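The residues making up each chain are set out below.
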Amino acid sequence: MATTTEPATEDTGEAPPPPSTGAQFGYAGASRVLTTGNAAQVELFGNVHRPPVRFEGRLKNPLRFREAVSALYAIVGSDFRYAPKDRTQYIAYLRLKRDAAPLGVWHAQQAYFAWMLRNDPTALAILDPIVSVHPDQVLFETFGKDESTYACLAFKRSAFEESQGALPTFGTTNIDFSDALYSSTQQVRGYRETSFAIGHDGTKATPEGRKDVLEKKLQVPDSWLRGFLQVQSAATLPFDHVNLSPMDLYNVLRHLRMNGDRKGKKRGLRFELVPGQQPRIVAEPWETVFSTTGDVFRGRAARLVRVWGRRRLMTMKRLLPFVESVDVYLLGSGLPSFWVFRAGDITLTLGLTGFTSANWSSALGFDLMLPRKTQDGEPTKKVVNFLKENRWKADANELAAGTGLKGAALVEAVQVGCQNGELMFDIANGVYRYRPVTEQPLDLARLQFRNQREKVAHDLLTRRGAVKIMSENRIAGVGLELTGQVSVEEDKRDYRPQMVLADEGQVRKVTCTCAGFRKHGIKAGPCVHLIALRLAFAEKEAKKAKTDDAVKFETRAFAKRDGEVEHVVQISLERDRVKYRWGLSGQPMRLQAMKFNTETDARSAYFTKLAELDARGYLDAIAE
């Protein structure tokens, strides 16, 4: 993908388009699958604006290839964002129709495309996958339109019978990926001998002076590109590993298909993880329990992890019959989860962010877990050069031996490399790979923040005393109510943002005294002061987690299952008081309040209660 400079736009008085990066793709032809009798030929054309990449072979299992590519296509165009039933888009359509009525056909088309660019730049475009040919695998990477689903489809070299004398050319490029390719892929059959080729000109050598190039010019939203890179970096964070059988996942998906979501109710999957026992999956809000049949959980401590994005797993329905095992990597409640589907020589890794682009609170909490840098440091350059000049891939031990980096320095170096688009972490194989997203370096300063409001909020946070948390009020069964004060010198006034945070970081209710919130609410996204308050709270929680002695206000939730019944406990520390709530899930909870002479005594009793609950087999229901 070659980056280009954004063209200047005229001032039309309408809302400006979202920030985007120009991308230029050039192909010598349209990717396709040609079938003749009992033979088929898969031709994937690479981007001529990038260094040549080439691979040829014959598919050993054409049916698995067909279903894997179909699953990848479903992810490329996936958009699971909530679309409310209102007349906004219809009114915009009527306005556009009225304005375009006196225009000719060509001008009317231009007006329509200009409107689409301002409102949904990727609505009519399929963003071409990033393809890497490495010594051990051929990888296809893509990201969903709603910025919530990442996919990496990997074919081992053993999945092909390689052509004699056709040596592969290692590197990274893009391929033309369209509706026509998907449609022609459906013609692949198991009885047909199917050849496979990636290159600048399909199965032929690139001719000199070829001029008939298929050009594609797209404006890729910066938020999409930023999300793609951050999901890759998230794979390097610590995780809990769960092994499932394909039938376990089939049972969950069948239940979701037979039962619709309930408005206003929880829509997650809860993983109940107890060391030495088979993991259990609970589907909300029906509280249906699925006992898995894979390997036992081998973690060190019991965990209860809640993840979202379960409907996106439906994109795997065509590949699932060929899957032999499913590995799930859980980073924590509300954080991204990675699902690795292994089908012999084919592996498909699905990364679910746990939130769409609209869930700004969870996204902010996720951002703070990763380093925020706008240029490569010397450690990152060492890692990139080692992978680029030696073997294309390496695990953590090999990187430590080859670069001299160890521990936290190595972790930060690879995380920054993933965020900058130079590296990727192959979680299915536990190795880091050299994979530049674009031929030219990315403008990392543009990708540092999601939007201008987030940039201003970070600026306010760095000012001394500009953002203060005035009160924290724990509401049983609802969440934590935060009230803040944001002092803005430029406006010469103080603003009072307020929000209610659920246990997993989701925002349930917000308000602010600024003019922007009073006029538009949260329709155009959170205001600067709400973002600043959320960042201040996350910073405070990070500091508090370093030592138990600093804890004065904290609430922990626990759960324990007894057959089909789930017992829940919520214990709160409020300075010199401890509140203990218990009962059955979904029913009113009983309350016991205890007051102590000193805060130290209350804190000691609080941690003693936590230890008792852990000894009785209760699972921590709040992400650490």
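So, here is what we can say about the structure in this document. Chains are numbered independently. Their residues run from 1 in the order of the written sequence. For this predicted model, a pLDDT threshold of at least 70 governs which residues receive local features, and a threshold of 80 or more governs which side-chain atom pairs are given and counted, while totals over whole chains, interfaces and linings are taken from all residues. Think of the side-chain values as coming from all heavy atoms in the structure, minus any hydrogens and water.

1. Concerning the overall build of the chain
Broken down by element type, the chain carries 15 helices and 33 strands. Looking at the 624 residues of the chain, the share that counts as buried comes to 50%. It only takes one pair of heavy atoms within 4.5 Å for two residues to be counted as in contact. In the chain, 66% of the contacts between residues at least 6 apart in sequence involve partners at least 24 apart. Each accessible area value is a Shrake-Rupley result obtained with a 1.4 Å probe; residue values ignore everything except the protein chains displayed when judging cover. Surface summary for the chain: the accessible area is close to 30100 Å², and the carbon and sulfur share equals 50%. Secondary structure elements are defined from DSSP: runs of H or I of at least 4 residues count as helices, runs of E of at least 2 residues count as strands, and each element is numbered from the N terminus. Residue burial is assigned from relative accessible area. The probe radius is 1.4 Å, only protein chains are included, and a residue is buried under 20% of its type maximum, exposed over 50%, and partly exposed in between.

2. Details of the sheet that holds strand β32 (residues 590–595)
Whether two strands pair depends on DSSP finding at least two bridges between them. On the basis of which strands lie adjacent, the open sheet formed by five strands has the order β32-β31-β30-β29-β33 and antiparallel pairing. Edge strands, defined here as strands with exactly one partner in the open sheet, are β32 and β33 (619–620). Of the pairings in the sheet, the one linking strand β31 (residues 577–584) to β32 comprises six bridges and is antiparallel in character. If you follow R581 over to β32, its bridge partner there is L591. Each axis is a line fitted through C-alpha atoms, and for a helix only the stretch in contact is used; angles between axes span 0 to 180 degrees, taken between their N-to-C directions. Set on the sheet, helix α15 (residues 599–615) makes contact with β29 (553–562), β30 (565–574), β31 and β32; between it and β30 the angle comes to about 165°.

3. Describing the environment of R192
The topology assignment puts R192 in the loop between α4 (179–185) and β11 (193–199). Separated by 156 residues in sequence, R192 and T36 place their C-alpha atoms 9.1 Å apart. Residues contacting R192, with those up to four places away along its chain left out, are T35, G37, N38, A39, P62 and Q187.

4. Some details on the packing of aromatic side chains
Aromatic ring pairs are defined here through the distance separating the ring centres and the angle between the ring planes. Ring geometry is summarised as follows: Phe, Tyr and Trp rings, the Trp one being its six-membered ring, pair when their centres sit within 6.5 Å, and such pairs are stacked at plane angles under 30 degrees, edge-to-face over 60 and tilted between the two. This structure, assessed with the given rule, holds 18 aromatic pairs. Measuring from ring centre to ring centre gives 5.9 Å for F140 and F155, while their planes differ by 80°; the resulting arrangement is edge-to-face. Residue F140 is found in strand β7 (residues 137–143), and its partner F155 is found in strand β8 (residues 149–156); the two are separated by 15 residues along the sequence. Residue classification places F140 among the buried positions, given a relative accessible area of 4%. For F155, a relative accessible area of 1% translates into the label buried.

5. Points about the pairing of β29
The pairing of β29 with β30 spans ten bridges and is classified as antiparallel. Bridging from a neighbouring strand, F553 pairs with E574 of β30. Hairpin geometry of β29 and β30 is characterised by an intervening segment of two residues between the two adjacent antiparallel strands and by a positive phi of about 70° at G563. With two bridges joining them, β29 and β33 adopt antiparallel strand pairing. Note that in β33 the partner of F558 across the bridge is D620.

6. Remarks on the packing of helix α8 (residues 378–389) against helix α10 (residues 407–419)
What describes two packed helices is the angle between their axes and the distance between those same axes. Packing of α8 against α10 leaves a shortest axis separation of 8 Å and a crossing angle of 75°. For the element pair α8 / α10, the angle class is roughly perpendicular. Across the interface between the two elements, P379, T380 and V383 of α8 pack against L410, A413, V414, V416 and G417 of α10. Charged means Asp, Glu, Lys or Arg here, nonpolar means Ala, Val, Leu, Ile, Met, Phe, Trp, Tyr, Cys or Pro, and polar covers whatever is left, Gly included. Taken together, the residues of the contact of α8 with α10 break down into six nonpolar, two polar and no charged. Should an angle fall under 35 degrees it is called roughly parallel, over 145 degrees roughly antiparallel, and 65 to 115 degrees roughly perpendicular, with every other angle called oblique.

7. Let's talk about the sheet that holds strand β4 (residues 39–45)
Overall, mixed pairing links the five strands, which are arranged β3-β4-β11-β5-β9 in an open sheet. Sheet topology places β3 (32–36) and β9 (160–162) at the edges, where each strand pairs with a single neighbour. Sheet twist, expressed as the mean angle between neighbouring strand axes with direction ignored, is 25°. Sheet topology note: the β3/β4 ladder contains five bridges and is antiparallel. Within β4, the residue paired with R32 across the bridge is E43.

8. Considerations on the pattern of salt bridges
Every case where a carboxyl oxygen of Asp or Glu lies within 4 Å of a side-chain nitrogen of Lys or Arg is listed as a salt bridge. For the structure on display, the rule yields 27 salt bridges. In this structure, R54 engages E56 in a salt bridge whose closest nitrogen and oxygen atoms are separated by 2.9 Å. We classify R54 as buried; its relative accessible area is 18%. Sharing partners across several salt bridges, the network here consists of R270, E272, R280, E284, E287, R306, R561 and E566.

9. Side note on the nonpolar core
The criterion is simple. A nonpolar core is a set of buried Ala, Val, Leu, Ile, Met, Phe, Trp, Tyr and Cys residues joined through side-chain atoms within 4.5 Å. Counting residues in each nonpolar core, the largest one holds 59 residues, and the members touching the most others are F140, F196, F271, W339, F341 and L350. For this core, the element with the highest residue contribution is helix α1 (residues 62–76), accounting for eight residues. One finds A234, Y329, L331 and F386 within the second-largest nonpolar core, a separate group that totals 45 residues.

10. Quick look at helix α5 (residues 222–234)
Expected helix span is computed as 1.5 Å times (number of residues minus one). The terminal C-alpha atoms of α5, which comprises 13 residues, lie 18 Å apart, in line with the 18 Å expected from a rise of 1.5 Å per residue. Extensive coverage of α5 is indicated by the burial of twelve of its 13 residues.

11. Some remarks on the environment of T380
Secondary-structure assignment places T380 in helix α8. Exposure remark for T380: the relative accessible area of 3% places this residue in the buried category. Along the primary structure T380 and E412 are separated by 32 residues, whereas in three dimensions their C-alpha atoms are 8.1 Å apart. Apart from residues no more than four positions distant in its own chain, T380 is found in contact with A413, V416, G417 and E422.

12. A short note on the packing of α8 against helix α9 (residues 396–403)
At a closest axis distance of 10 Å, the pairing of α8 and α9 adopts a crossing angle of 105°. Judged by the inter-axis angle, α8 sits roughly perpendicular to α9. Every residue of α9 that contacts α8 at K382, V383, F386 and L387 is listed here: E398, L399, G402 and T403. When the residues that make up the contact of α8 with α9 are grouped by side-chain class, the tally is four nonpolar, two polar and two charged.

13. Brief notes about the state of the cysteines
Count a disulfide wherever a pair of cysteine sulfur atoms falls within 2.5 Å. Under the counting rule described, the total for this entry stands at zero disulfides. With no disulfide of its own, C527 has C512 as its nearest cysteine by sulfur position, at a separation of 3.8 Å.

14. Notes on the side chain of S184
With respect to the helices and strands, the residue S184 is situated in helix α4. When residues no more than four places from it in sequence are discounted, the contact partners of S184 are R32 and V33.

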